[in-house]
Amino acid sequence: MKYHLLFFLIGVILFTGCTDSKKDQKGTFIGGQIMNPYNPYFVLSKDNKTIDTLFLDQNNQFGKKLEDIEPGIYSFKHPPENQIMYLEPGDSVLVWLNTMQFDESLNFSGTGAAKSSFLLDMFLNNERNNNMMLSYYKINPTEFAEITDSIKKSRKNKLKALNEKEKFSESFLELANNSIDYDFYHLRERYTFLVKKYYNELSQQIPDDFNSYRKDLNFNDTQLKEYYGYLNFIEDHLRTLSIERCLNELDTNSNCFELHSVENIQYRINLADSLIEQNEIKNIFINRLAIQGLVFSNNAEKIDSILGILERINYKGENLLHLKQMATIQKRLLPGNNIGNLPLVNFEDEIVRLEDISNKKIVTYHWSLQAPEHYKWQHSIISNLREKYPELEFVGINIDEGSKQAWRNTVQAYNMNKNREYKLNSPDININLLKNYLNKLIFLDTDGTIINGKAQLNTPNFERQILEFLNN
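What counts and what doesn't
Residues numbered from 1 in each chain as written. Predicted model: local features only at pLDDT ≥ 70, side-chain atom pairs only at ≥ 80, totals over all residues. Heavy atoms only, no water. Buried < 20%, exposed > 50% of the residue type's maximum accessible area, 1.4 Å probe, protein only. Helix = DSSP H or I, 4+ residues; strand = E, 2+ residues; numbered from the N terminus. Pairing = 2+ DSSP bridges. Axes fitted to C-alpha atoms, helices over the stretch in contact; angles between N-to-C directions. Contact = heavy atoms within 4.5 Å. Disulfide = S-S within 2.5 Å.

(A) Structural view of the pairing of strand S14 (residues 440–444). Most of S14 is tucked away, with five of its five residues classed as buried. Side-chain alternation along S14 places Lys-440, Ile-442 and Leu-444 on one buried face and Leu-441 and Phe-443 on a second face that is also buried. Pairing of strand S11 (residues 361–367) with S14 involves three bridges; the strand directions are antiparallel. Each bridged residue has a counterpart across the sheet, and for Thr-364 the counterpart in S14 is Ile-442. The sheet contact formed by S14 and strand S15 (residues 450–456) spans four bridges and is antiparallel.

Right, here's the structure in full:
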């Protein structure tokens with residue numbers, strides 16, 4: 001209740017003098033308050049382009065009337081966190097959030113806020129559904145179909161009831177209905193993949209109409225290109241099609257679930273290239289798939305093959321230069337190469353070399369302030385591994401450029417081992433490219449030679465790789 005009262009007071013402060021009736025208001029007002037801010041600004045963007053940066057005042061409040069806003073989904077960032085909202089001309093939306101629980105605390109109010117609230121509710125429900133999948137994909141297809149049908153129907157009914165109250169615009173109603181559909185498709189697609197991979201007996205029971213939605217797909221919906229559910233669906237759909245094609249057409253001895261093989265990456269890139277006409281959407285997936293192929297390449301030939309795929313489809317995306325730079329980075333991280341001279345900054349702001357940190361074999365893990373959920377999860381696991389394998393040195397490397405004090409604050413706030421936390425000191429390396437390596441760990445011999453450059457914490461065989469590393 002205190003949050004709603006605070007919202008009302010903020011609204012009075014920010015909206016005084018600029019609250020014309022909606023039909024007379026040509027601009028769009030956005031404002032709000034951020035509790036426990038990470039930094040002094042709120043960034044509004046669309047299509048990966050910054051619309052405006054709004055700075056917080058002494059009360060952590062912000063507000064501004066924007067002109068020429070087109071109806072649609074917008075992204076907003078309070079780095080390292082981000083979310084989406086829906087804006088139209090005439091809207092006056094207040095945002096309230098607490099960084100301690102960013103998504104869960106997020107609240108929209110004001111004229112037009114119900115649209116953003118609906119999308120936020122969809123996001124939170126999808127998060128819960130992702131957890132649901134861990135148990136529900138083990139049930140039979142007919143039962144799973146009933147569950148997903150029920151979820152879709154409930155959301156459609158909620159949207160209908162909300163529209164009777166709010167009188168949404170036709171453009172938002174279309175987007176909202178499509179977003180419900182693609183979230184539904186995504187659940188079906190994930191189930192299809194999981195049962196084919198883990199429960200072949202269940203996969204044989206999938207009815208013919210289970211994926212009947214596939215005939216109605218639109219891979220070029222630019223209105224949805226910033227909606228995570230739509231993008232997640234396309235990514236999973238490409239993955240499932242590659243698996244089905246392998247199981248149905250290729251040699252039964254093929255490892256159809258090796259998603260990072262050159263063959264699988266090439267097939268999915270070709271699919272994206274043929275199915276998606278809008279370059280702004282197509283390039284998202286070609287870029288993602290190329291990155292996956294490069295990051296999991298274990299030899300120079302495979303790296304060159306991934307770049308060769310891009311040449312064959314005449315890929316001209318703006319990220320092509322970055323992909324070539326990433327290929328160079330990946331070649332440096334192949335087994336047999338030595339990175340012992342890698343310069344790092346320790347907690348006392350001294351430059352040290354990776355090979356000088358310990359006489360033990362080293363496992364490096366990497367993290368960024370911009371991925372808080374990742375580093376919290378990661379450090380919890382690393383803490384247990386340190387106790388379990390004292391003969392190894394687990395070395396944390398923060399990849400963020402600058403932000404030394406923020407890095408130190410985070411290390412202390414989360415009780416990380418500051419004697420084994422370091423900051424990368426290589427200004428010639430593109431930090432944005434390194435973010436693709438946050439899930440990978442690198443196993444190094446005592447002289448800094450790479451033994452394994454593709455280990456991941458979240459894979460079933462991770463500890464087996466550690467034991468092999470220790471015994472070699």
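Picking up after the structure, the text goes on.
(B) Fine view of the sheet that holds strand S1 (residues 28–35). Spatial strand order, S4-S1-S7-S8: four strands in an open sheet with mixed pairing. Looking at the sheet topology across the chains shown, the edges are occupied by strand S4 (61–66) and strand S8 (107–111). Going across the sheet, the axis of each strand differs from the next one's by a mean of 15°, ignoring polarity. In the sheet, S1 pairs with S4 via six bridges, with the strands oriented antiparallel. Along S4, the bridge assignment pairs Gly-32 with Phe-62. Strand contacts of helix H3 (residues 113–136): strand S7 (92–98) and S8, with the helix running at about 155° to S8, the strand carrying the most contacts.

(C) Region of interest: the pairing of S7. Of all seven residues in S7, seven are buried; the element is thus mostly enclosed. The alternating pattern of S7 places Ser-92, Leu-94, Trp-96 and Asn-98 on one face and Val-93, Val-95 and Leu-97 on the opposite face, and all of these are buried. Note that S7 and S8 share five bridges and pair antiparallel. Opposite Trp-96, over in S8, you have Asn-107 as the bridge partner.

(D) Seen up close, the state of the cysteines. Overall, the coordinates contain one disulfide when judged by the stated rule. Note on cysteine connectivity: Cys-246 is disulfide-linked to Cys-256, with sulfurs 1.9 Å apart. Its S-S torsion of about -75° marks the bond between Cys-246 and Cys-256 as left-handed, since a negative value means left-handed. Remark: Cys-256 occurs in the loop between helix H7 (228–249) and helix H8 (262–275) and Cys-246 occurs in helix H7; sequence separation between them is ten residues. Here Cys-246 and Cys-256 have matching classes, each one buried.

Structural measurements only, silent on function.
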